[in-house]
Amino acid sequence: MKYILVTGGVISGVGKGVVASSFGTILKSCGIHVTAIKIDPYINIDAGTFSPYEHGEVYVLDDGGEVDLDLGNYERFLDITLDKDNSITTGKIYQQVINRERKGEYLGKTVQVVPHITNAIIEWVEKVASRPVKNSWDDDSPGSIPEVCIVELGGTVGDIEGRPFTEAFRPFSRKNHDSFCVAHVSYVPQPHATMEQKTRPTRQSVKELQDCGLLPDLLVCRSEQPIPQPVKEKISDFCNVGIDEVVCLHDQSSIYYVPLMMEKQGLVQYFHKRLGLTFNLPPPRNFMQNWHTLVEKLETVRQELKIALVGKYIKLHDAYSSVIKALEHAALAANYKISIQFVDAENLERTMEKSNPDLYHASWLKLCKSDGVIVPGGFGKRGMEGKIETCKWCRTAKKPFLGICLGMHAAVIEFSRNMLGLAGASSTEMDPRTIHPVISDMPGHTNVDLGGTMRLGKMKTVFSSNHPDSIMLKLYGSKESIKERHRHRYEVNPDYIKKLEANGLKFVGTDEALERMEIMELDSKVHPYYVATQFHPEYLSRPMKSSPPFLGLILAAGGKLNSYLNEGCTLSFTDTIFGESQVSSTTSAGSESSPSLHVMSQPSASEKVTSSLSDLHIPI
């Protein structure tokens, strides 16, 4: 087994997750089987109880693991399925060691950080690294044994929380020198006062890493502007790494450029030599062709759609990371650029009209100017009335709408109040004493302990035979059932289902027991696209395989959904490339390759990464 440890210095949030994912992408393109592990030094057992403002969204895996959003990057880039053990936290390690101590497994010895905690860390890594990993599109496959395990250590080198982990890898790296590579990601700032890139923070972070007993084999330098050769040479000299072992990544318009930027700087040859991996060199001419085609598409798409995202955590966009990525994937598949308009749900409420009318009307104006609306998942009553008002406006104005989890609850509450005449209809989450609990807590799911007590993970949804004209049924390729990931504690109250359906709100998908409502929609004759799901389809969206509900929203927003459905769910659109020529693509829905990723022959995207985009300053 080969290992790549990704550490970070200077500041957090420098892009270690994208760097680790890009390493995996390059290796997987070489035919190497890859797995990934994320280490988070916090004491929490998992990310399930975090506020999104702490670490961004909580990403959910097939087995119900609630993990850091970086595992979402791993799955999307590598198109693999991970499980909760691919996420390591200090809390998990200490819990395991304490349980062993209680059972007497340490034979009465004093339990210490070294060697007991550090040994437990390495045991966990080695155990997970040896597990077969499945491709995300093949649930029935036993998976492949990985050849390389990429381990990302969260936080920054020198943090007290991370010291047990660096101490664990210190002897491990020495014993496995030829199979272990340390990639250190550092930020190279450029103060506006001098407009000169400073290498001191990188040199200091490398020193911190060396103090922990780890020597960097590869330096990945993040910066806003391209790093010139003299600065690169200075970093090489002072940090004791070769010039070809300094990889420079400046800001780009999309994270999907990163693997190509790395490949252009010789990462394939480096990993082949450093880790002794067996694959053919030089790479074939069509190496990473899917990624070249993907970024070429990003450069050539011109027509833009505005999608309003109505939520309560919009101050931190990472709180909706998977939703944003799913919108981007779907837009690219349908040949659109996406402009996401973030709208605070609280600003849409009637109380805001009185307290801050300017903000109220500005928020509604942003919503009204959008081509489509999405109300994503969430918890708590803050902003709920604004989401309900959003659902009402989308339903009556016939604006394309997608609700996810809490967004579905808001849509059901709004319909119950305004179409069924159930004044005061609500969710027991928001109002435990409501006289019309159209959304209620699920039997058997406790609200006492919040961590890991929801309905979590990948579960089957069965389409109802009573609704053969369902839009969602067609978008999913007319399958009898599908599997999507869930994260919820409340559901549509079964006592109100018949009355809701009798008034036009169709529940076209349920769980296997036909008890829990999974998909709802309005008839296409009544509304072009008014759809909501109890599950979270964003978790299974991939750059080259967009999620059907998101694709439906984008197509409806662009006025192309009907033609898409009438043509048997195939895309056949024309795009103007730089205003000179046109391209058409036609591919069946549900295929592994995205239907929009066939574009006209253009110069290699890797050739354009360092030239045409060198003046972009959007963080990766």
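That block above? That's the structure.
Small disclaimer: the values here were computed from a predicted structure and weren't measured. (Residues numbered from 1 in each chain as written. Predicted model: local features only at pLDDT ≥ 70, side-chain atom pairs only at ≥ 80, totals over all residues. Heavy atoms only, no water.)

Draft legend 1. Inspection of the sheet that holds strand 17 (residues 437-441) at higher detail. Taking strand neighbours across the sheet as the criterion, the three strands line up as 16-17-20 in an open arrangement whose pairing is mixed. In this open sheet, the two strands that pair with only one neighbour each are strand 16 (426-427) and strand 20 (490-492). Here strand 17 pairs with strand 20 via three bridges, running antiparallel. Within strand 20, the residue paired with serine 440 across the bridge is glutamate 491. (Pairing = 2+ DSSP bridges. Helix = DSSP H or I, 4+ residues; strand = E, 2+ residues; numbered from the N terminus.)

Draft legend 2. Broad picture of the packing of aromatic side chains. Taken as a whole, this structure holds 17 aromatic pairs when the rule is applied. With a centroid separation of 5.7 Å and 65° between ring planes, the pair formed by tyrosine 270 and phenylalanine 271 is classed as edge-to-face. For phenylalanine 271, a relative accessible area of 0% corresponds to the buried category. Consider the rings of tyrosine 313 and tyrosine 320, whose centres lie 6.3 Å apart with planes at 40°: the pair is tilted. Classification of tyrosine 320 as buried rests on a relative accessible area of 3%. If you follow arginine 203 out to its NZ or CZ, it ends over the ring of phenylalanine 238, 4.0 Å from the centre. (Phe/Tyr/Trp six-rings, centres within 6.5 Å; stacked < 30°, edge-to-face > 60°. Buried < 20%, exposed > 50% of the residue type's maximum accessible area, 1.4 Å probe, protein only. Lys NZ or Arg CZ within 6 Å of the ring centre and 35° of its normal.)

Draft legend 3. Quick peek at the packing of helix 15 (residues 384-397) against helix 16 (residues 406-418). The contact between helix 15 and helix 16 brings their axes to 8 Å, and the two run at 70°. Taken as axis vectors, helix 15 and helix 16 run roughly perpendicular relative to one another. Judged by the sense of rotation from one axis to the other, the crossing of helix 15 with helix 16 is right-handed. The residues of helix 16 that touch helix 15, namely those facing Met384, Glu385, Lys387, Ile388, Cys391, Lys392 and Arg395, are Leu406, Gly407, His409, Ala410, Ala411, Ile413, Glu414, Phe415, Arg417 and Asn418. Considering only residue class, the contact of helix 15 with helix 16 consists of eight nonpolar, three polar and six charged. (Axes fitted to C-alpha atoms, helices over the stretch in contact; angles between N-to-C directions. Parallel < 35°, antiparallel > 145°, perpendicular 65-115°, else oblique. Left-handed = near helix turned anticlockwise from the far one by under 90°. Contact = heavy atoms within 4.5 Å. Nonpolar A, V, L, I, M, F, W, Y, C, P; charged D, E, K, R; others polar.)

Draft legend 4. View of helix 11 (residues 289-300). Between its terminal C-alpha atoms helix 11 stretches 16 Å, which fits the 16 Å expected from twelve residues at 1.5 Å a residue. A large share of helix 11 lies buried, amounting to nine of its twelve residues. Those residues of helix 11 not exposed but buried are Trp291, His292, Thr293, Leu294, Val295, Glu296, Lys297, Glu299 and Thr300. (Expected span 1.5 Å × (residues − 1).)

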